[in-house]
Amino acid sequence: MKRILLFVLTNIAVLVVLSITASVLGVDRFLTRQGLNLPALLGFAAVLGFGGSLISLAMSKWIAKSSVGAYVIEVPQNPTERWLVETVQRQAAAAGIGMPEVAIYDSPEINAFATGASRNNALVAVSTGLLSNMSPDEVEGVLAHEVSHVANGDMVTLALVQGVVNTFVIFLSRVVGFVVDRALSGNRDDEGGVGIGYFVTSLICEILFGFLASMIVMWFSRRREFRADAGGAHLAGRNRMIAALERLRQMHEPSHLPSQMAAFGINGGTVQRLFMTHPPLEERIAALRAA
């Protein structure tokens, strides 16, 4: 559910705003006297779908910082902050990416996340709970996992996947809206246009289909976790990566990490599998041991 609570909600909210704006400005040229122009509708859906996803991506760092109250370490104030920055700097250099911003947020939960618009414009943040409850080796494994998410381009790839999903959500919602409007209002061929039923149905379907389609994004997120674990093992050592996941399994608590970052966090989660952003910790540990 974490993935739905913020990332998907933010994306859907952006889509709704863009859709309403498009209707107000009259750019919905796919509506004709003969019905729906499907190729034009598909083009319209792609523009809005990818536009909404890319806007969400561009806002991701700002949303992350404001949602959890994270503060970026500009100049380290103590040995812990200095160690964090130096560790991320070393791992980023090894992974061949630009130095991410490093931040800490105040929370008792044991978690971390990475987000940002590109490999060279990212943010890695850890909770105070993680720093208090994990050893330096375990924290290094966590940081390596997050840096691997950045190096793998998971933020951008996720945005592209979301853009494809958005395109079909917008396309199908308007097709259903058109069909329902015609069924409710009779044949409009003589007068052209659509009624309020089209707009209401399209809006409802856009939200509903958006939630259903999030299962595809969840599946993608789960697959990328295994790759980030493998990358973390390469950067920090397999034993450190396994130790970090083992500690998470031992000390797991329900996470309140906003979903915009949860796709790149390390929390295992216990949500129903179709809506899980992460595979079970046991599966991730087993994959590392078998590598």
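Novice: Mind showing me how you'd approach the sheet that holds strand β3 (residues 71-72) here?
Specialist: The pairing of strands in a sheet happens through backbone hydrogen bonds and is either parallel or antiparallel. Reading across the sheet, the 4 strands line up as β3-β4-β6-β5 and stay open at both edges, with mixed pairing between neighbours. At either end of the open sheet lies a strand with only one pairing partner, and these are β3 and β5 (112-118).

Novice: How do you make sense of the nonpolar core when you look at a structure like this?
Specialist: Proteins that are soluble and globular tend to have nonpolar side chains buried together. Grouped together as the largest cluster of nonpolar side chains are 34 residues, with contacts concentrated most on Leu 84, Val 126, Leu 130, Met 134, Leu 143 and Leu 245. Among the secondary structure elements, those contributing two or more residues to this core are α4 (79-95), β4 (101-105), β5, β6 (121-127), α6 (136-151), α7 (154-185), α9 (238-251) and α11 (281-290). If one sorts the elements of this core by residue count, α6 sits on top with 6 residues.

Novice: How should I be thinking about the packing of aromatic side chains in this particular structure?
Specialist: The description of an aromatic ring pair uses the distance of the two centres, along with the angle that the planes make with each other. Enumeration over the complete set of coordinates arrives at 2 aromatic pairs. Ring centres of Tyr 105 and Phe 113 lie 5.7 Å apart, and the angle between their planes is 40°; this geometry places the pair in the tilted category. For the pair Tyr 105 and Phe 113, a shared accessibility class is recorded, and that class is buried. For the ring pair Tyr 198 and Phe 199, a centre distance of 5.1 Å and an interplane angle of 80° mean the geometry is edge-to-face.

Novice: Got a minute to help me understand the packing of α6 against α9 in this structure?
Specialist: When two helices pack together, their arrangement is captured by the angle between the axes and the distance separating the axes. Contact pair α6 / α9: the axes reach a minimum separation of 7 Å and the direction vectors enclose 100°. The angle between α6 and α9 places the two elements in the roughly perpendicular class. On α9, the residues touching Asp 137, Glu 138, Glu 140, Gly 141, Val 142 and His 145 of α6 are Arg 240, Met 241, Ala 243, Ala 244 and Arg 247. Broken down by class, the residue content of the contact of α6 with α9 amounts to 4 nonpolar, 2 polar and 5 charged.

Novice: Whenever I open this one, the packing of α7 against helix α8 (residues 196-236) confuses me. Can you help?
Specialist: Relative orientation of the contacting elements α7 and α8 amounts to 150°, with a least axis distance of 7 Å. With respect to α8, the element α7 is oriented roughly antiparallel. Once α7 is placed against α8, the crossing between them reads as right-handed. For the contact of α7 with α8, the per-class residue count stands at 17 nonpolar, 8 polar and 5 charged.

Novice: Before we go on, may I ask you to explain the pairing of β5 in this structure?
Specialist: Along any regular strand the residues' side chains alternate between the sheet's two faces. The element β5 is largely enclosed, with a buried count of 5 among its 7 residues. Taking the residues between adjacent antiparallel strands as the criterion, β5 and β6 are bridged by 2 residues.

Novice: Explain a nonpolar patch on the surface to me, please; I cannot follow it from the model alone.
Specialist: There is a patch of nonpolar side chains on the surface, built from Ile 196, Phe 199, Val 200 and Ile 204 and spanning about 380 Å² of accessible area. Tracing the chain through its elements places Ile 196 in helix α8.

Novice: Looking at this structure, I do not really get the pattern of salt bridges. What am I missing?
Specialist: Oppositely charged side chains can form a pair if their charged atoms are brought close together. If you walk through the whole model with that rule in mind, you get 12 salt bridges. For Glu 101, the salt bridge is made with Lys 61, and the minimal N-O distance between the two is 3.3 Å. Residue Glu 101 is found in strand β4, and its partner Lys 61 is found in helix α3 (residues 60-68); the two are separated by 40 residues along the sequence. Classification of Glu 101 by relative accessible area gives partly exposed; the value is 25%. For Lys 61, a relative accessible area of 13% translates into the label buried. For Arg 240, the salt bridge identified is with Glu 140, shortest N-O distance 3.6 Å. You can see Arg 240 sitting in helix α9 and its partner Glu 140 sitting in helix α6, a full 100 residues away along the chain. It is possible to trace a salt-bridge network through shared partners that takes in Arg 90, Asp 137, Glu 140 and Arg 240.

Definitions and cut-offs
- For every chain, the first residue of the written sequence is number 1, and numbering continues from 1 along that sequence.
- Under the rules for a predicted model, residues below a pLDDT of 70 receive no local features and side-chain atom pairs below 80 are neither given nor counted, while totals for whole chains, interfaces and linings still include all residues.
- Neither water nor hydrogens contribute to the side-chain values; these are computed over all heavy atoms in the structure.
- Any two strands are treated as partners once DSSP identifies two or more bridges connecting them.
- The helix count covers DSSP runs of H or I at least four residues long, the strand count covers runs of E at least two residues long, and both are numbered beginning at the N terminus.
- Nonpolar core, defined: a set of buried Ala, Val, Leu, Ile, Met, Phe, Trp, Tyr and Cys residues in which side-chain atoms within 4.5 Å join the residues together.
- Only protein chains enter the accessibility calculation, which uses a 1.4 Å probe; a residue is then buried when its area is under 20% of its type maximum, exposed when over 50%, and partly exposed in between.
- Classification of ring pairs rests on two measures: the distance between centres of Phe, Tyr or Trp rings, Trp counted by its six-membered ring, which must be within 6.5 Å, and the angle between planes, read as stacked under 30 degrees, edge-to-face over 60 and tilted in between.
- Fitted lines through C-alpha atoms give the axes, limited to the stretch in contact for helices. The angle between two N-to-C directions lies from 0 to 180 degrees.
- When an angle is under 35 degrees it counts as roughly parallel; over 145 it counts as roughly antiparallel; between 65 and 115 it counts as roughly perpendicular; any other value is oblique.
- Should any heavy atoms of two residues lie within 4.5 Å, those residues are considered in contact.
- Gly is placed with the polar residues, together with every amino acid not listed as nonpolar (Ala, Val, Leu, Ile, Met, Phe, Trp, Tyr, Cys and Pro) or charged (Asp, Glu, Lys and Arg).
- Working rule for handedness: look at the near helix, and if it is turned counterclockwise from the far one by less than a right angle, call the crossing left-handed; if clockwise, right-handed.
- Only residues above 30% relative accessible area that lack a salt bridge enter a patch, with like-charged residues linked at up to 9 Å and the nonpolar side chains Val, Leu, Ile, Met, Phe, Trp and Tyr linked at up to 5 Å.
- Surface accessibility in these figures is a Shrake-Rupley result with a 1.4 Å probe; residues are shielded only by whichever protein chains are displayed.
- The salt bridge criterion pairs a side-chain nitrogen of Lys or Arg with a carboxyl oxygen of Asp or Glu, the two atoms within 4 Å.

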